[in-house]
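Breakdown of the fold
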Amino acid sequence: MAGLVFKMTDKPDGDNDQDVLVDTRAKTERPPLYKVMLLNDDYTPMEFVVIVLERFFGMDQTQAFEIMLTVHKKGLAVVGVFSHEVAETKVAQVMDFARQHQHPLQCTMEKE
Ligand code: TYC
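Residues numbered from 1 in each chain as written. Predicted model: local features only at pLDDT ≥ 70, side-chain atom pairs only at ≥ 80, totals over all residues. Heavy atoms only, no water.

1. Regarding the packing of aromatic side chains
- Per the counting criterion, the structure on display carries three aromatic pairs.
- Geometrically, the ring pair formed by Phe48 and Phe97 is stacked, given 5.0 Å between the ring centres and 15 degrees between the ring planes. Separated by 49 residues along the polypeptide, Phe48 in helix H1 (residues 46-57) and Phe97 in helix H3 (residues 84-100) bring together distant segments of the chain.
- Its relative accessible area of 7% is what places Phe97 among the buried residues.
- Between Phe57 and Phe82 the ring centres are 6.3 Å apart and the planes differ by 40 degrees, which places this aromatic pair in the tilted class. Placement of the pair is Phe57 in helix H1 and Phe82 in strand S4 (residues 76-82), with a sequence separation of 25 residues. Phe82 matches Phe57 in its accessibility class, with the two residues each being buried.
- Ring pairing ties together the aromatic residues Phe48, Phe56 and Phe97, which thus form one cluster. (Phe/Tyr/Trp six-rings, centres within 6.5 Å; stacked < 30°, edge-to-face > 60°. Helix = DSSP H or I, 4+ residues; strand = E, 2+ residues; numbered from the N terminus. Buried < 20%, exposed > 50% of the residue type's maximum accessible area, 1.4 Å probe, protein only.)

2. So, the packing of H1 against H3
- With their axes 11 Å apart at the nearest point, H1 and H3 run at an angle of 145 degrees to one another. Handedness of the H1/H3 crossing: right-handed. Contacts between H1 and H3 involve Phe48, Ile51, Val52, Arg55, Phe56 and Phe57 from the first element and Lys90, Gln93, Val94, Phe97 and Ala98 from the second.
- Partitioned by chemical class, the residues of the contact of H1 with H3 number eight nonpolar, one polar and two charged. (Axes fitted to C-alpha atoms, helices over the stretch in contact; angles between N-to-C directions. Left-handed = near helix turned anticlockwise from the far one by under 90°. Contact = heavy atoms within 4.5 Å. Nonpolar A, V, L, I, M, F, W, Y, C, P; charged D, E, K, R; others polar.)

Structure follows, in structure tokens:
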């Protein structure tokens, strides 16, 4: 990484007035991450939410029950943090599964 480098424009007279500052530092930005959240509602059965957390978020039954209860009591909980593409897939999978079973469960994503 050379840092900031001055580069002279190809002027025959070589005057400095039009020199250009070129930033050659390596970019270290990581892609943004997205929180996937489940929202509480009054109708989706607790057992269904536990299944969702096991099936789509790789939780064991103890973890899944705990997070389900957090959503039930607090209104929502973050159930995972993913790249944009993976987060979108998780949200779509949960929403499809809920729709198939006619439950109003809502799953959303938000930039971290
Ligand atoms: N509140 C629901 C009930 O009492 C359970 C529930 C938990 C629903 C979490 C949605 O994301 C949810 N049956």
